[in-house]
Protein chains: 2
Amino acid sequence: MSILVVGSVALDTIETPFGRVEEVVGGSAVHFSAAASLFAPVHLVGVVGQDYPVSRLDMLRERGVDLSGLEVKPGESFRWSGRYGHDLSTAHTLETRLGVFADFHPRIPASFRKPRILFLGNIDPVLQLEVLDAVEKPELAACDTMNFWIAGRRDDLLRLLRRVDLLFVNDAEIRQLAGEPNLVRAARWVQERGPTRVVVKKGEHGAVLFDHDEIFFVPGYPLEKLNDPTGAGDAFAGGVLGCLHHVGDISAGALRSAAVFGSAVGSFSVEDFGAARLEILTRDEVAGRVRELCGMTHFEIVPSSKGVA
Amino acid sequence: MSILVVGSVALDTIETPFGRVEEVVGGSAVHFSAAASLFAPVHLVGVVGQDYPVSRLDMLRERGVDLSGLEVKPGESFRWSGRYGHDLSTAHTLETRLGVFADFHPRIPASFRKPRILFLGNIDPVLQLEVLDAVEKPELAACDTMNFWIAGRRDDLLRLLRRVDLLFVNDAEIRQLAGEPNLVRAARWVQERGPTRVVVKKGEHGAVLFDHDEIFFVPGYPLEKLNDPTGAGDAFAGGVLGCLHHVGDISAGALRSAAVFGSAVGSFSVEDFGAARLEILTRDEVAGRVRELCGMTHFEIVPSSKGVA
């Protein structure tokens, strides 16, 4: 039993006010796997060109990520290059070269077809649907998406939503998807269309988990040093799903706990460029930050005997 | 023993995408008092013109707000008119007529000069300093400020900060004040200049309390219906300080609890225009929302026996 992730495997060139890196390993499947593999066995499905420095993914292999679903095809790998402004909130894409990713159709190895947890990284919802068709129904099917698909593949995306349990989406995107500026109403709109669980990512403000009719505020770790937000959302999702798999429990309480772990993992990921921080991240470091987040959210009504509440 | 608030008492004309109200009672001292008086006795100091419909403040009087420090002077009352866009995040001031407020110098009645808690509403820091000079040192001195004073009265504001215990400020303003985009570093910058406690207000994202070296995330209640954010920050501060006074405890734990109460009060205040919602708000309603916020922030590390944390 393991986690199956299908998504992009890319070479990223990233510029932020704090530095620049060229052709580092990236893509949703890589960031997700680097995070999830801290807690659980991961099967990765994706595609790269013959020019891809596959050995740079050894760090994933060493953590137990099964890369046998990574196709290497003739042609160029997917390359993305982007630049962030001072608030690091929005990536300005400078160049996207799809390469072999343009004709990607996920091929799921037979041994990958019974995942306990499935993560459909941010790719064309048509491909995400293909994956759902190719595997046995997992205990938990989760997906990510983005403005590009919300605008250009709306019907496919709505078909996809009907078949997943958990949607990861950022706050601007869920407002766009639901056509509704109010976050609570937007989340309900999505929940009525399939996923009973929605995690709305809000960057430095953390996230909000809508789980059936319950709401949980996922705290965002207050960082003093940020370098690069690329992949933070995938690292977050990897932390969440990795934890759920690890504890063997997808209840509401376990999801809250896992979401805080995911937030902690995501906070580490932005400390360095690309997946560099995740590569050296340990479970103890994550647990330490989770304990800190525990302390930063805990309060007791003082004093309850005074009859205020 | 009571809370002393010094601030503006105004007539507000407010336009939001959800409606418009004309010449309703407003100003920092009014919103603050309406909130704080739910929990504690409040003394108000301010000034209005002879045209002010003072009887409309009866709702404050009925809740135990002592208005004997409200001067009525010949001339026009302070009038503010503003408009909000769809996200309700920023007020666009259409008109400000200071009237008698232009020459305001707070006159603190003798019976008001020993406050247990002092709130210096958002007025010229020179006036805020005058108030500090006129009263006995309170257990807790808090102030609010805004971009206008940060830019135009920086030296006075820094003199003020050295003499207060708690600063309420919004996230854009603390970044401006500290000249530092990172919130954690900006808060530390402020703490090094006086107030050991800083509450950074982040609108719908709640607030962050920096209390000495501890950080606490104050949850923001997820509203489905918002009408008018005018005065929400003052209502929040009123809820916080009212609760602290009520429980007779200004410890770190009590401040966390009070901050959640303040957040609940602030969330009610935006449901209707001006101070209309606060006027009819009850302590039970606030307590109910505090309990909900408790549920929305609570998590347990699941399962701790699995050795994840």
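Please read these numbers as outputs of a predicted model, since none were measured by experiment.

Points about the sheet that holds strand β7 (residues 91-97) of chain A
The strands making up a sheet associate through hydrogen bonds between their backbones, and the pairing can be parallel or antiparallel.
Residues and elements named next belong to chain A.
Inference 1: Strand order in the open sheet formed by four strands is β3-β2-β6-β7, with mixed pairing between adjacent strands. Every interior strand has two partners, whereas the edge strands, β3 (19-26) and β7, have only one. Direction aside, neighbouring strands of the sheet carry axes that sit 15° apart on average.
Inference 2: Of the pairings in the sheet, the one linking strand β6 (residues 78-84) to β7 comprises six bridges and is antiparallel in character. Opposite G82, over in β7, you have T93 as the bridge partner.

Considering the confidence of the model for chain A
Inference 1: Across chain A, the average pLDDT comes to 95, with 98% of residues at 70 or higher.
Inference 2: Per the prediction output, this complex has pTM 0.95; the corresponding ipTM is 0.93.

Looking at the pairing of strand β1 (residues 3-6) of chain B
Two faces, one strand: in a regular strand the side chains alternate between the faces of the sheet.
Residues and elements named next belong to chain B.
Inference 1: Taking every second residue as pointing to the same face, both faces of β1 are buried, with I3 and V5 on one and L4 and V6 on the other.
Inference 2: The pairing of β1 with strand β4 (residues 42-49) spans four bridges and is classified as parallel. When the bridges of β4 are listed, V5 appears paired with L44.
Inference 3: Judged from the four bridges that link them, β1 and strand β8 (residues 117-120) form a sheet pairing that is parallel. Among the inter-strand pairings, L4 is bridged to a residue of β8, identified as L118.

A closer look at the environment of B:V260
Inference 1: Among the secondary structure elements, B:V260 is positioned in helix α9 (residues 252-269).
Inference 2: Its 31 C-beta neighbours within 10 Å are what place B:V260 among the buried residues.
Inference 3: C-alpha of B:V260 to C-alpha of B:C243: the two residues are 17 residues apart in sequence and 9.8 Å apart in space.
Inference 4: With residues near it in sequence (within four places) discarded, B:V260 still touches A:F299, B:V218, B:P219, B:V290 and B:L293.

Remarks on the interface of chain B and chain A
Inference 1: Taken together, the contacts link 37 residues of chain B with 38 residues of chain A.
Inference 2: Residue assignment for the side of chain B that touches chain A shows that the elements contributing at least two residues are α7 (183-191), β13 (214-218), α8 (232-247), α9 and α11 (283-297) of chain B.
Inference 3: Tallied by class, residues from the side of chain B that touches chain A come to 21 nonpolar, seven polar and nine charged.

What about helix α6 (residues 171-178) of chain B?
Residue and element names in this part refer to chain B.
Inference 1: Within α6 the residues assigned to the buried category are E173, I174, R175, L177 and A178.
Inference 2: Structurally, α6 contributes buried residues whose contacts are with α4 (147-152), β10 (166-170), α7 and β11 (197-201).
Inference 3: Backbone geometry just after α6 places G179 at a positive phi near 60°.

Topic: the environment of B:A275
Residues and elements named next belong to chain B.
Inference 1: Note on placement: A275 falls in the loop between α9 and α10 (276-280).
Inference 2: Separated by 85 residues in the primary sequence, A275 and V190 place their C-alpha atoms 30 Å from one another.
Inference 3: Once you skip the residues sitting within four places of it in the chain, A275 turns out to touch V25, G26, V30, H31, A34 and G231.

As for the packing of helix α1 (residues 28-36) of chain A against helix α8 (residues 232-247) of chain A
All names here are of chain A.
Inference 1: The interhelical angle for the contact between α1 and α8, taken along N-to-C directions, is 40°, at an axis separation of 7 Å. By the criterion of interaxial angle, the relationship of α1 to α8 is oblique. Crossing hand, α1 versus α8: right-handed. Taken together, the residues of α8 that come into contact with α1 (itself represented by S28, H31, F32, S33, A34, A35 and A36) are D234, A235, A237, G238, G239, L241 and G242.

Topic: the relation of the copies chain B and chain A
Inference 1: By a simple turn and slide, chain B fits onto chain A: the slide is 0.0 Å along the axis, the RMSD is 0.0 Å, and the turn is 180°. Here the two chains are linked by the operation of a two-fold rotation axis.
Inference 2: Of the residues that chain B buries at the interface, 100% are likewise interface residues in chain A, meaning the two copies contact each other through the same surface.

Re the nonpolar core
In a soluble, globular protein the nonpolar side chains are often hidden away together inside.
Inference 1: Residues B:F119, B:A142, B:L244 and B:A259 are the most contacted members of the largest nonpolar core, which totals 101 residues.
Inference 2: Those residues in contact with B:F119 that lie beyond four places of it in its chain are B:I3, B:V5, B:F32, B:A142, B:A237 and B:L241.
Inference 3: A:I150, A:L157, A:V240 and A:A275 belong to the second largest nonpolar core, which has 100 residues in total.

A short note on unusual backbone geometry
Inference 1: Within the chain, A:H212 stands out as a residue other than glycine whose phi angle is a positive 55°.
Inference 2: Its place among the elements puts A:H212 in the loop between β12 (207-211) and β13 (214-218).
Inference 3: The phi dihedral of B:E23 is positive, around 50°, even though this residue is not glycine.
Inference 4: Positionally, B:E23 belongs in strand β3 (residues 19-26).
Inference 5: By C-beta crowding, B:E23 is classed as partly exposed, having 18 other C-beta atoms within 10 Å.

Side note on the sheet that holds strand β2 (residues 10-16) of chain B
All names here are of chain B.
Inference 1: Ordered in space as β3-β2-β6-β7, the four strands form an open sheet in which the pairing is mixed. The open sheet has two edge strands, β3 and β7 (91-97), and neither has a second partner. When the angles between neighbouring strand axes are averaged without regard to direction, this sheet yields 15°.
Inference 2: Inspection of the sheet shows β2 paired to strand β6 (residues 78-84) by six bridges, in the parallel sense. When the sheet's bridge partners are listed, T13 is paired in β6 with S81.

How each quantity is defined
Residues numbered from 1 in each chain as written. Chains lettered and ligands numbered in written order. Predicted model: local features only at pLDDT ≥ 70, side-chain atom pairs only at ≥ 80, totals over all residues. Pairing = 2+ DSSP bridges. Helix = DSSP H or I, 4+ residues; strand = E, 2+ residues; numbered from the N terminus. Axes fitted to C-alpha atoms, helices over the stretch in contact; angles between N-to-C directions. pLDDT = per-residue confidence, 0-100. Buried ≥ 20, exposed ≤ 12 C-beta atoms within 10 Å, placed from the backbone. Contact = placed C-beta atoms within 7 Å. Nonpolar A, V, L, I, M, F, W, Y, C, P; charged D, E, K, R; others polar. Parallel < 35°, antiparallel > 145°, perpendicular 65-115°, else oblique. Left-handed = near helix turned anticlockwise from the far one by under 90°. Least-squares fit on C-alpha atoms with pLDDT ≥ 70 in both. Core = buried A, V, L, I, M, F, W, Y, C linked by C-beta atoms within 7 Å.

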